Amino acid sequence: MDVERYDRTRPAYPPELVGHLIAAAPGREVLDVGAGTGIEARQFQAAGCHVLGVEPDSRMAEFARRSGVDVEVAKFEEWDPAGRRFDLLVSGQAWHWVDPVAGAAKAAEVLRPGGLLAAFWHVPEPPEKVANALADAYRRLVPDSPIDLDSVPKQPSDPYGPLIVKVADGLREAGGFGEPERSRHDWDRVYTRDEWLDQLPTFGSLTWVESTVRQEILAEVGAAIDGMGGRFTVRYATVAITAVRD
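Per an unreviewed UniProt entry, the chain goes by the name Class I SAM-dependent methyltransferase and belongs to Amycolatopsis coloradensis.

This is the structure we're talking about:
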């Protein structure tokens, strides 16, 4: 994983979502689970929160530290909170790596009464021409891949619906939380050809692909973008599940 590329190209989260979560929490002590390179942690810091990150990947954790985020390296389920308690637990693009029951139980342990758990994910939907160029090139050049890009969540369906159901079931089974609630924030971002091709290698479908094959795929996607005038708009949905600690 190219952590610099990841941090440079992955989008931040809607300010409305960040503001809503801070307003709903009883205080501003935030735990960021799966903090990655610190993208959402820096947003919460900029809004006046004190943030501690937990991240299993030491390379990402080190990048986050260099960007001003306090991060401890551990899997969340195995992390030692050492008696610390938090008002808000957030997890951006990461809670699907956490065991839904053990993670929920750990969250209940570290959140104060009335504290808020919030896990959220981006669902980008580029124009059909861009998405199809990637899927077609991927299918042809990586024929043995178990990943089917045609099955990636799209709008206006229920993005990450099955995952959110799994998270909600884990929260209910672990206990200690009120009934989970869903929310969704829709927004747009304009990308140039170079910006989109810079981000694509951070997607899981491409991180493991041999570099020369990856470059061929990117070239075909780039040609499709060139045919659209070199820039386009991506529709994003940021979907979230939240639950309040009893």
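On we go from here.
Another point: the packing of helix 6 (residues 128-141) against helix 10 (residues 211-226). Between helix 6 and helix 10, the least distance of the axes is 9 Å, while the angle of their chain directions is 150°. Overall, the two elements helix 6 and helix 10 adopt an arrangement that is roughly antiparallel. Note on packing geometry: the crossing formed by helix 6 with helix 10 is right-handed. Contacts between helix 6 and helix 10 involve Lys129, Val130, Ala133, Leu134, Ala137, Tyr138, Arg140 and Leu141 from the former and Val213, Glu216, Ile217, Glu220, Val221, Ala224 and Ile225 from the latter. Residues that form the contact of helix 6 with helix 10 fall into these classes: 11 nonpolar, no polar and four charged.

With that settled, consider the pattern of salt bridges. Pairs can form between side chains of opposite charge once their charged atoms are near each other. The tally for this structure, following the rule as stated, stands at 17 salt bridges. Its salt-bridge partner being Asp198, residue Arg5 comes within 2.7 Å of it at the nearest N-O pair. Separated by 193 residues along the polypeptide, Arg5 in helix 1 (residues 3-9) and Asp198 in helix 8 (residues 193-199) bring together distant segments of the chain. Using a relative accessible area of 21% as the deciding quantity, one classes Arg5 as partly exposed. Ionic pairing is found between Asp169 and Arg172, a salt bridge with its closest N-O pair at 3.0 Å. Here Asp169 and its partner Arg172 are both found in helix 7 (residues 161-174), three residues apart, which amounts to about one turn of the helix. A network of salt bridges, in which partner residues are shared, links Asp2, Arg5, Arg8 and Asp198.

Attention shifts here to unusual backbone geometry. A positive phi angle, near 50°, is found at Ala82, a position not held by glycine. Tracing the chain through its elements places Ala82 in the loop between strand 3 (70-73) and strand 4 (86-92). Positive phi values are uncommon outside glycine, yet Gln93 reaches one of about 55°. Considering the arrangement of structural elements, one finds Gln93 in the loop between strand 4 and helix 5 (100-110). Since its relative accessible area comes to 17%, Gln93 is described here as buried.

The rules behind the values
Residues numbered from 1 in each chain as written. Predicted model: local features only at pLDDT ≥ 70, side-chain atom pairs only at ≥ 80, totals over all residues. Heavy atoms only, no water. Axes fitted to C-alpha atoms, helices over the stretch in contact; angles between N-to-C directions. Helix = DSSP H or I, 4+ residues; strand = E, 2+ residues; numbered from the N terminus. Parallel < 35°, antiparallel > 145°, perpendicular 65-115°, else oblique. Left-handed = near helix turned anticlockwise from the far one by under 90°. Contact = heavy atoms within 4.5 Å. Nonpolar A, V, L, I, M, F, W, Y, C, P; charged D, E, K, R; others polar. Salt bridge = Lys/Arg side-chain N within 4 Å of Asp/Glu carboxyl O. Buried < 20%, exposed > 50% of the residue type's maximum accessible area, 1.4 Å probe, protein only.

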